[in-house]
Amino acid sequence: MQFHLFLSYQLYHSSCLVLFCGLQRYVGKLYIGHRHRNGVNYRPDGSKFTGAVYLGRVEAYGMLEWKDVRKFQGLYKSDERFGPGVESYPDGCQDVGLWLRDHLIKLCTEVPGYFPVLDYPAHYRYTDDRSQKGYISLEEDPFLRNYKHLPFDGNDILPEGVFAYSRNMDRLTLTHSFLECDALYFQKKLPEEDPWPVANVTSLLVRRMHVHKQRRCQVEFNSDVNLILSGARNAYGPSGPRELASEQLIKKAARGDYDGVSAILRNGLAHPDIADKHGYTALAAAAVHSRNALVNLLLDSGADVSKCSDEGLSALSMCFILVYPEESFKVNIAERSLHSYKWTEKSESSETVSDAEGIVRQKRWEAIQLLLHRGADPNASWAPPHLLFFADKAADAEAVELLLKRGAMSDVRLPSKLGGLTALHIAASIPGEEGVQITQYLLHSAPDLNARVEDGNELYGPDKAVIELLRHGADPNLPLIGAVRSALCAAVSTAYEQQRTAAQRIALVDKLLEAGADILAPVTLQEGQRKAVGTVVDYAYYEYYQDRIAHTPYHILPASEQEAFQTRRSLLEHFRVKLRERVILKEKEWDEEELRRSKKSDSAIHKRVSKKKGGSQHVEEMRSLRDDWL
């Protein structure tokens, strides 16, 4: 091994001329009998390649020139175009973008009608900003498989004097010698270098990782790699034939031009997986416009059914956004309870749609079914939320069942900014039969039925559930059994006063009154065999009188009990005001004739009571007590 490394050092600093069967000739450097690093290769067809090779294969930036003056300059992997590159033509036209073999795979131009998630702000708010970025570490190798890691020591696997059994670097087990060879070739000298950000973390990431691996060799590429990667094309000539055909493929797929798409693919003018600068593919264009015949054609031609745009949208997720607009989402308490979730009350108007809208939705649903049938991964997209949430929030049990059957993960969560809710949290909070059905589906597939939302740092007011119940029609006057007679009685009860501040208790009383709670409703008080009927105000005085605080001088009470005394006092004062307002309002509602008859009746009763009691003293006491209450 030491001999070979020494030989490589010597050969890196010399050039030689090598003839291959009299048909090709190579001028450049060698490493153990292989073309290695910079050189020029003259081919039998008259073309010439200038650039770097890796153990006999083109593996870096290089330039291929043909006899007709055409030339391609860009990045290669295993003798094929793989990454940013520019093909130039004699008439000045240029095909610019990311390449896969002889085809463009991503353009540097925007195709009109592409699908940006920002156009759907109601869905975009579910996007976690961190999910929009990917990073490549210096140590990562996209072509490094687990079986290539072991063993690193060549002495353990190879006989003495044998360097390798194979020249295939993608499948060859790596040894220390190869690692040293890679270090020399790729010039990995900056382990402290920050990770490299990328926009797309799907298949395009592999090409960007290859670009990252070859970043030290970019000086050999006349064009600016970063401009191509960012989709900037202004510095180049007019679009070449492959660019034009690629753009037409996406446009024709959106229009439903089956013959046009078929002709481009049949003649090999564009790759079936071509995407514009945003990652919008011909397959996505066909799917969102419900061109199901073209979806099948593109998939049959090799398009990736789960490929995502730079925003993280697959063709399937784009269809879900269209089939499930925000208006289709049902009200659920799980999201409403989040402080960070800005809930907007939806209109309770009819959800009927026109026949035309129904037909469009049905076609899009058929496109979803087709994509899933053809193997689309429901977990592939990373924005806006997981597809399971669309069907879940829309209470579409059929769609939830289909997604789960096609492998949708059931333990997915909303972003942390929305509390980290799971699909099961939302399903369990959807009212009606659909919520029950979806919950049942998820219970059979969710790995953790006890998953909790990410609300550990949030403080929830104790009355949120009360507000939700009132919003959904709960009766605040429903009689309660036990010591607490009604909801208003519970608001003033000493048993629960430690759970709320004075302001919270008063606010709760106001909420109950606004919802229709009757402050004049009769409340039965009982002590032993004795019973009395009064209002919630009587109940409050009775409750507070039973406690020792009411019988202890204020200056003797500890601070906590003094605070309780003041809270009770302010609550009673608030009730006194509300009771007076209610009585005045009630009197205004009475008919004048009924009021006149009531006064006559009251006068007759007054006379009889006066005669029986021997005077008016008792009546005056009762009247004085009533005035005190009011």
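Scroll up for the structure.
Everything quoted here is computed from the prediction, not taken from an experiment. (Residues numbered from 1 in each chain as written. Predicted model: local features only at pLDDT ≥ 70, side-chain atom pairs only at ≥ 80, totals over all residues. Heavy atoms only, no water.)

Participant: Can you tell me about the packing of aromatic side chains, naming the residues and giving the values?
Facilitator: Applying the stated criterion to the full structure yields seven aromatic pairs. Where Phe 72 meets Trp 99, the ring centres are 5.2 Å apart and the plane angle is 75 degrees; that geometry is what we call edge-to-face. Residue Phe 72 is found in strand S6 (residues 71-77), and its partner Trp 99 is found in strand S8 (residues 94-100); the two are separated by 27 residues along the sequence. Trp 99 carries the same exposure label as Phe 72, and that label is buried. Measuring from ring centre to ring centre gives 5.0 Å for Phe 115 and Tyr 120, while their planes differ by 15 degrees; the resulting arrangement is stacked. (Phe/Tyr/Trp six-rings, centres within 6.5 Å; stacked < 30°, edge-to-face > 60°. Helix = DSSP H or I, 4+ residues; strand = E, 2+ residues; numbered from the N terminus. Buried < 20%, exposed > 50% of the residue type's maximum accessible area, 1.4 Å probe, protein only.)

Participant: Lay out helix H6 (residues 241-255) with the relevant residues and their values.
Facilitator: Along its 15 residues, H6 runs 21 Å from first to last C-alpha, staying within 8% of the 21 Å computed at 1.5 Å per residue. Looking at H6, one finds that the buried residues are Glu 243, Ala 245, Ser 246, Glu 247, Leu 249, Ile 250, Lys 252, Ala 253 and Ala 254. Among the structural elements, S8, strand S9 (103-107), helix H7 (258-266), helix H8 (282-288) and helix H9 (292-300) are those in contact with the buried residues of H6. Positive phi appears at Gly 256, one or two residues downstream of H6, with a value of about 85 degrees. (Expected span 1.5 Å × (residues − 1). Contact = heavy atoms within 4.5 Å.)

Participant: Just give me the short version of the environment of Tyr 539, but keep the residues and values in it.
Facilitator: Structurally, Tyr 539 is set in helix H20 (residues 536-546). Assessed through its relative accessible area of 2%, Tyr 539 is described here as buried. Along the chain, Tyr 539 and Ser 493 lie 46 residues apart, while their C-alpha atoms are 8.6 Å from each other.

Participant: Quick rundown of the packing of H9 against helix H12 (residues 355-373)? Include the residues and the values.
Facilitator: Axis separation between H9 and H12 bottoms out at 10 Å; the angle between their running directions is 20 degrees. One finds that H9 runs roughly parallel with respect to H12. Note that H9 runs across H12; the crossing there is right-handed. Note on element contacts: H12 touches H9 through Lys 363, Glu 366, Ala 367, Leu 370 and Leu 371, opposite Asn 292, Val 295 and Asn 296. (Axes fitted to C-alpha atoms, helices over the stretch in contact; angles between N-to-C directions. Parallel < 35°, antiparallel > 145°, perpendicular 65-115°, else oblique. Left-handed = near helix turned anticlockwise from the far one by under 90°.)

Participant: Can you tell me about the packing of helix H10 (residues 315-323) against H12, naming the residues and giving the values?
Facilitator: Contact pair H10 / H12: the axes reach a minimum separation of 10 Å and the direction vectors enclose 155 degrees. The orientation of H10 with respect to H12, classified from their angle, is roughly antiparallel. Crossing hand, H10 versus H12: left-handed. Residues Ala 315, Leu 316, Cys 319, Phe 320, Leu 322 and Val 323 of H10 touch H12, and the partners they reach there are Arg 361, Arg 364, Trp 365, Ala 367, Ile 368, Leu 371 and Leu 372. Here the contact of H10 with H12 is built from residues that sort into 11 nonpolar, no polar and two charged. (Nonpolar A, V, L, I, M, F, W, Y, C, P; charged D, E, K, R; others polar.)

Participant: An account of the pattern of salt bridges is needed here, citing residue identities and associated values.
Facilitator: Counted under the stated rule, the structure contains 16 salt bridges. The partner of Arg 374 in a salt bridge is Asp 300, and the shortest N-O contact between them spans 2.9 Å. Placement of the pair is Arg 374 in the loop between H12 and helix H13 (387-393) and Asp 300 in helix H9, with a sequence separation of 74 residues. According to the relative accessible area criterion, Asp 300 is exposed, its value standing at 58%. (Salt bridge = Lys/Arg side-chain N within 4 Å of Asp/Glu carboxyl O.)

Participant: I'd like a rundown of the pairing of S6, residues and numbers included.
Facilitator: Counting buried positions along S6 gives six out of seven residues, so the element sits mostly inside the fold. Here strand S5 (residues 57-65) folds back onto S6, and the loop between the two strands holds five residues, one of which, Val 69, carries a positive phi near 80 degrees. By the bridge criterion, six bridges tie S6 to strand S7 (residues 80-88) in an arrangement that is antiparallel. Bridge pairing in S7 links Tyr 76 to Arg 81. (Pairing = 2+ DSSP bridges.)

Participant: Residues and numbers for unusual backbone geometry, please.
Facilitator: For Val 69, which is not glycine, the phi torsion reads 80 degrees and is therefore positive. When you line up the elements, Val 69 lands in the loop between S5 and S6. Residue Ser 78 is not a glycine yet carries a positive backbone phi of 55 degrees.

Participant: Summarise H9; cite the residues concerned and give the values.
Facilitator: Side chains that are three or four residues apart share a direction in an α-helix, a result of its 3.6 residues per turn. Buried within H9 are the following residues: Asn 292, Leu 294, Val 295, Leu 297, Leu 298 and Leu 299. Looking at the buried side of H9, the elements it contacts are H6, H7, H8 and H12. Where H9 terminates, the next one or two residues include Gly 302, which has phi positive at roughly 110 degrees.

Participant: Explain the side chain of Asp 273 to me, using residue names and the numbers behind them.
Facilitator: Mapped onto the secondary structure, Asp 273 falls in the loop between H7 and H8. Among all residues touching Asp 273, those that are not within four sequence positions of it are Ile 105, Thr 281, Ala 303, Asp 304 and Lys 307.

Participant: Would you mind going over the nonpolar core in detail, with residue names and values included?
Facilitator: If you look at soluble globular proteins, the nonpolar side chains tend to sit buried side by side. Residues Tyr 324 and Leu 371 are the most contacted members of the largest nonpolar core, which totals 83 residues. Among the elements that line this core, the one with the most residues is H10, at eight residues. Apart from residues no more than four positions distant in its own chain, Tyr 324 is found in contact with His 123, Phe 329, Arg 361, Trp 365, Phe 390, Ala 391, Ala 394, Asp 396 and Ala 399. In this structure, Leu 512, Leu 525, Tyr 539 and Val 583 belong to the second largest nonpolar core, which totals 23 residues. (Core = buried A, V, L, I, M, F, W, Y, C linked by side-chain atoms within 4.5 Å.)

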